[in-house]
Protein chains: 2
Amino acid sequence: MKKIGFSSVRITGGFWKTKQELIRKTTLYSVYHRFQDTHRFDALKCDWKEKGEYNGHIFWDSDVAKWLESAAYALEFERDAELEKIVDDTVALILKNRDENGYFNSYYLTVDQDQRFTIRDNHELYCAGHLMEAAVAYYHATGKDAFLKAMCRYADYIEKVFMIEKSAAFLTPGHPEIELALVRLYEATGEKRYLALSKYFIDTHGTAQEKLYADTRRHLYNMDEMPIRERSTAEGHSVRALYLMSGAADIAHACQDQELMDACKRVYDNIVNHRMYITGGVGSTYIGEAFTVDYDLPTRTAYAETCAAIALAYYCVRMQKIHESAIYADTLERVIYNGILSGLSMDGKSFFYENPLEIDPAFNDVDKSAVKKSRYPITQRLEVFNCSCCPPNVTRFFLSLGDYLYACNEDTVFVNQYMASEMKVEGLSVTQQTNYPVDGEIRITCEGEKKEIALRIPAWCKKFTVNHPYRMQDGYAWIALQGKTEIILSLDMPVLAMAANPKAHALAGKIAIMRGPVVYCAEGVDNGEDLSSIRLSPDAEFTLGDCEFLLPNLHASALRQKKADGLYAVAGDDYEEIFLKLIPYYAFANRGETEMITWINRK
Amino acid sequence: MKKIGFSSVRITGGFWKTKQELIRKTTLYSVYHRFQDTHRFDALKCDWKEKGEYNGHIFWDSDVAKWLESAAYALEFERDAELEKIVDDTVALILKNRDENGYFNSYYLTVDQDQRFTIRDNHELYCAGHLMEAAVAYYHATGKDAFLKAMCRYADYIEKVFMIEKSAAFLTPGHPEIELALVRLYEATGEKRYLALSKYFIDTHGTAQEKLYADTRRHLYNMDEMPIRERSTAEGHSVRALYLMSGAADIAHACQDQELMDACKRVYDNIVNHRMYITGGVGSTYIGEAFTVDYDLPTRTAYAETCAAIALAYYCVRMQKIHESAIYADTLERVIYNGILSGLSMDGKSFFYENPLEIDPAFNDVDKSAVKKSRYPITQRLEVFNCSCCPPNVTRFFLSLGDYLYACNEDTVFVNQYMASEMKVEGLSVTQQTNYPVDGEIRITCEGEKKEIALRIPAWCKKFTVNHPYRMQDGYAWIALQGKTEIILSLDMPVLAMAANPKAHALAGKIAIMRGPVVYCAEGVDNGEDLSSIRLSPDAEFTLGDCEFLLPNLHASALRQKKADGLYAVAGDDYEEIFLKLIPYYAFANRGETEMITWINRK
């Protein structure tokens, strides 16, 4: 399945047009100003001192690079001289301050100048990868190639140090990213050496050869306890793991490497069948920001970093290139509507780094008596973090959201996501008119040279109608195309109560409510205190409420335990009926600090 | 209500005779041998070096002292020359090695000799208190007074250092214990200065005066953020808090100090109404082994140290001296049958330091990928711990269990606990014949000079019959005595499903099963894996099973979620009926490592 990139796709209305406009007009600039305030742009001047007015950080370059990539996507929407000047000025700083080899890293060019490529965990190749991705995006958006050329030179230098001379103190990056960036650089330039360098990193990661290096390896944390080809599980730092596997999927596809494809599939299956929150969030513990073990999905201490959800989306879109199945677009849809979108506030200005499935402010200070505190995620979004990887990842992801809608192979055009949109590539156009996911009605017009159109029937959808004959295969309804074909797809979108596998002990006896791809949650601000005392029947009848947060709220009758005086009492007539209000999970924590639950005790 | 001590009470049969015999014949010696193995007795020789064959520890003296106290109680059951020789030899070491002031502490007499009374948290006064309690017990058991006299001399020295000269580096002990020990020494000797010294510690604890001392105070941890008289909550290290409050209750009673009594009552209420597990366990977090906030009662990470449960029993028996109500004996019964007894294995040889309400071995390694681990209690009992405070606390508690059965005031004899027993004091005798709590039938014969007998009607008992006219007051059924009175009390003892207050979020939507005072639990070894996937109706009909662990197991029909393949599925027909087996909570973890739950999801 070949990707049809976002530059061929325009989102024309509905939920995602609203969100994209917010991100393009508000979020992009909010992140820019916070990065200015914190001197992330200034750091590129490489004129600071270790104890100066501001101090660069080993991975600040990646924050700026992801913002540059986001700005490039915004410029691809619409050229804007002011925004373009910011990018040009920033690129000029990078070009001016890089060294004679093409190397650029504001930290290592300013302090610790003799430490270049000595500490594996210090994000140098990660920063380099993000700069490469930004350069490719900027070249596509504007045709200006100075940044791209500079990054090619940088890639050449990395090839020399890591692959030819092997003169660095480590073999592969501690934080993956350059692997997929190099594939992108290869796609933009046609230079096969970049593909080979990426493949080298993928092939070397976790090998015995690498283990000979006495560096700062942290085994499971960096998911390098074994070579990627031998893997069956996702381990360690969830963002690192998924960037690595995304790079591996790129290489598996580009090199048609069956062994690597099989490993990628095994790891994907491990994640979605055993280690993923219902929101598409991954990473069950803050300790190492990591995957843990199968079925360990605690709600209140969930890590579920926004960047990890984005990384899962990157993995899915690469997996569908090597395996023509709707399962990846199903997971993509889950993660886009829930685990990623929850990372951004409704006003587009503030963020969650972690996305828990439960917030209980009353108990966040339980260890106040203690020497050290237990660790719960923050309960309100922030405009900027010290480690601010997520905000510019949100902007670049959603501004290139068009990447995820359509794909094709020789004979078929695939519709993977339903959003009001127009797609045009040479010899093919598809338009969608829809309010999805407000409702499940989608009108698709397709014209072009393909023989069939394959419409993803979401895994959550148990009933649908389509006004053409179709055959089901691999999760798609395949419809023959004859000239300009008008299709009306109607997806039944009831409210569903979901249960988790009984091995997921933290979720046992609970249900989560979904409508279409959207997970819902209950907040204290709507439902009062002690949300865990609510019990909801899986057979409850829901009514759709207003679209307070773009999509309908849900209402149902439920039970809530009555207030009590004592600590323990005989269980009897201790519940009363209440009217429960649920809002989309992505909209939680937009109205001040309040309780929140996603998994509700089952009646 | 005046305590009738255990030396006037003999437990003659049933559950507690079995347990006491096990502890007297097995546990006492098992602890002795483990303490020998670990050189705890050798340490009293004060001839070791900091890096020698064995190293004493700042609180090893207290371990030995509690064992000595236990041995004294065993000798009060039955003189035994061999056991008495062990005690005598140990006492001889203490007498030989104490200094000219009467001071004895094997650690500070051997190493850090110039550091005496400089570090508040180093348990010196705590060890002294336990030695005093042992000395009193040994004097009562054998009439030998050398140990008692030595400890009086030690108390005189402490009075001089702390109260007269105020020459120590701190004002009150970091770990309370000496407060109640001094009251006991006062009761044994009639020397009022010991009472005054205890009162001084109680009055000074947490005062502004104390705060002037720049020592290692840890505020909430030591519950000294305010004077005791101002307290309304239990805070910090749960054993320290409850030893302190036990001492405060002793002083409140001995000095008829209403202000202190009120504070003691407020703190008691705070504990039992807001901070106590259904097992009587207290201490919701391992961090600081501490109380946290109201209604914070997590099951799997519960600290609920055996010693804290014992300390709560000590507090209860003192509270009932100052407030003639059955509520304290109710809590005592809860904690004796559950939170304390669970600390000892069925074979009497191994122990839990912590008593969680849930064990889930499959997830104990969830953070295996991490740099540091999350903290869960151990899942199997051990014969000895590095910090082995609990084992000799269990032996001394249960060997003096007779302390908790009877009490009296001028006109009334109170029956606080139901156990087959004989009580004789001058002019009064009470016998109980009963299999309680196998069933609720109790035959009581009372003869003596009191006007009334007050029988506690347990708070869990909603229906009872008694073959005499009675009036209910303060939780007791008061019956007039006329010569030798034969009473048949029949307590209805159905299986009850208990619910927690809705503010206890960790317990929401769950029920715990009790029969009489006994909390039940489900284990994986009986019920298979994934116990959290079981749902039980509060209306389930239970049948009594065999007495595998002295009391009947329980059986009921319940639902269990069917095995599933995927991670999430629509909740529907996903439960099947099962036959659930429950065992008494105190008997958990006696058959190898296995899952355990106390709170079961509610159907």
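Residues numbered from 1 in each chain as written. Chains lettered and ligands numbered in written order. Predicted model: local features only at pLDDT ≥ 70, side-chain atom pairs only at ≥ 80, totals over all residues. Heavy atoms only, no water.

### Observations concerning the overall build of chain A
- When helices and strands are tallied, chain A shows 14 helices and 23 strands.
- Radius of gyration (C-alpha) of chain A: 24 Å, near the 25 Å computed for a compact globule of 603 residues.
- Projected onto its principal axes, the C-alpha coordinates of chain A cover approximately 75 × 70 × 50 Å.
- Out of the 603 residues belonging to chain A, those deemed buried represent 65%.
- Entry remark: accessible area of chain A is about 20,700 Å², with carbon and sulfur atoms responsible for 48%.
- Computed over 68 positive and 85 negative side-chain charges, the inter-centroid distance for chain A is 1 Å. (Helix = DSSP H or I, 4+ residues; strand = E, 2+ residues; numbered from the N terminus. Rg over C-alpha atoms; globule rule 2.2 N^0.38 Å. Buried < 20%, exposed > 50% of the residue type's maximum accessible area, 1.4 Å probe, protein only. Areas by Shrake-Rupley, 256 points an atom, 1.4 Å probe, with all protein chains shown as cover. Lys, Arg positive; Asp, Glu negative; His and termini not counted. Charge placed at Lys NZ, Arg CZ, Asp CG, Glu CD.)

### Here's the deal with the pattern of salt bridges
- One pass over the structure, following the stated rule, counts 96 salt bridges over all chains.
- For Glu69(A), the salt bridge is made with Arg184(A), and the minimal N-O distance between the two is 3.1 Å. Highlighted residues: Glu69(A) in helix H2 (residues 60-77) and Arg184(A) in helix H6 (residues 178-189), separated in sequence by 115 residues.
- A salt bridge links Lys503(B) to Glu529(A), with the nearest nitrogen and oxygen atoms 2.9 Å apart. You can see Lys503(B) sitting in the loop between strand E14 (495-500) and strand E15 (510-515) and its partner Glu529(A) sitting in the loop between helix H14 (524-527) and strand E17 (534-536), one on each of two chains.
- Note on Lys503(B): relative accessible area 27%, which makes it partly exposed.
- Sharing partners across several salt bridges, the network here consists of Lys199(A), Asp203(A), Arg229(A), Asp257(A) and Glu259(A). (Salt bridge = Lys/Arg side-chain N within 4 Å of Asp/Glu carboxyl O.)

### Some remarks on the sheet that holds strand E10 (residues 464-466) of chain A
All names here are of chain A.
- Strand order in the open sheet formed by six strands is E2-E6-E7-E8-E13-E10, with antiparallel pairing between adjacent strands. The outermost strands of the open sheet, each flanked by one partner alone, are strand E2 (9-11) and E10. Adjacent strand axes in the sheet meet at a mean angle of 15 degrees when their direction is disregarded.
- By the bridge criterion, six bridges tie strand E8 (residues 441-448) to strand E13 (residues 485-491) in an arrangement that is antiparallel. (Pairing = 2+ DSSP bridges. Axes fitted to C-alpha atoms, helices over the stretch in contact; angles between N-to-C directions.)

### Some remarks on the sheet that holds strand E12 (residues 476-480) of chain A
Residue and element names in this part refer to chain A.
- Spatially, six strands are ordered E1-E4-E5-E9-E12-E11 in an open sheet, and the strand pairing comes out mixed. Each end of this open sheet is capped by a strand with a single partner; those strands are strand E1 (2-3) and strand E11 (471-473).
- In this structure, E11 lies alongside E12, joined through three bridges in antiparallel fashion. Across the sheet, the residue bridging to Arg471 is Trp478, located in E12.

### Brief notes about the pairing of strand E21 (residues 575-584) of chain B
Residues and elements named next belong to chain B.
- Counting buried residues in E21 gives seven out of 10 residues, a clear majority hidden from the surface.
- Of the pairings in the sheet, the one linking strand E16 (residues 518-523) to E21 comprises two bridges and is antiparallel in character. For Tyr520, the partnering residue across the bridge sits in E21 and is Pro584.
- For strand E19 (residues 554-561) and E21, the ladder comprises eight bridges, and the chain directions are antiparallel. Note that in E21 the partner of Ala558 across the bridge is Ile578.

### A few points about the packing of aromatic side chains
- Scanning all chains against the criterion turns up 68 aromatic pairs over all chains.
- Linked through ring pairs, Phe15(A), Trp16(A), Tyr243(A), Tyr314(A), Tyr337(A), Phe397(A), Phe398(A), Tyr404(A) and Tyr586(A) together constitute an aromatic cluster.
- In this structure, Arg116(A) is placed above the aromatic ring of Tyr103(A), and the distance from its NZ or CZ to the ring centre is 3.6 Å.
- Between Arg40(B) and the ring centre of Phe35(B), over which it is positioned, the NZ or CZ distance is 4.8 Å. (Phe/Tyr/Trp six-rings, centres within 6.5 Å; stacked < 30°, edge-to-face > 60°. Lys NZ or Arg CZ within 6 Å of the ring centre and 35° of its normal.)

So, to be careful, I would describe these as geometric facts and stop short of saying anything about function.
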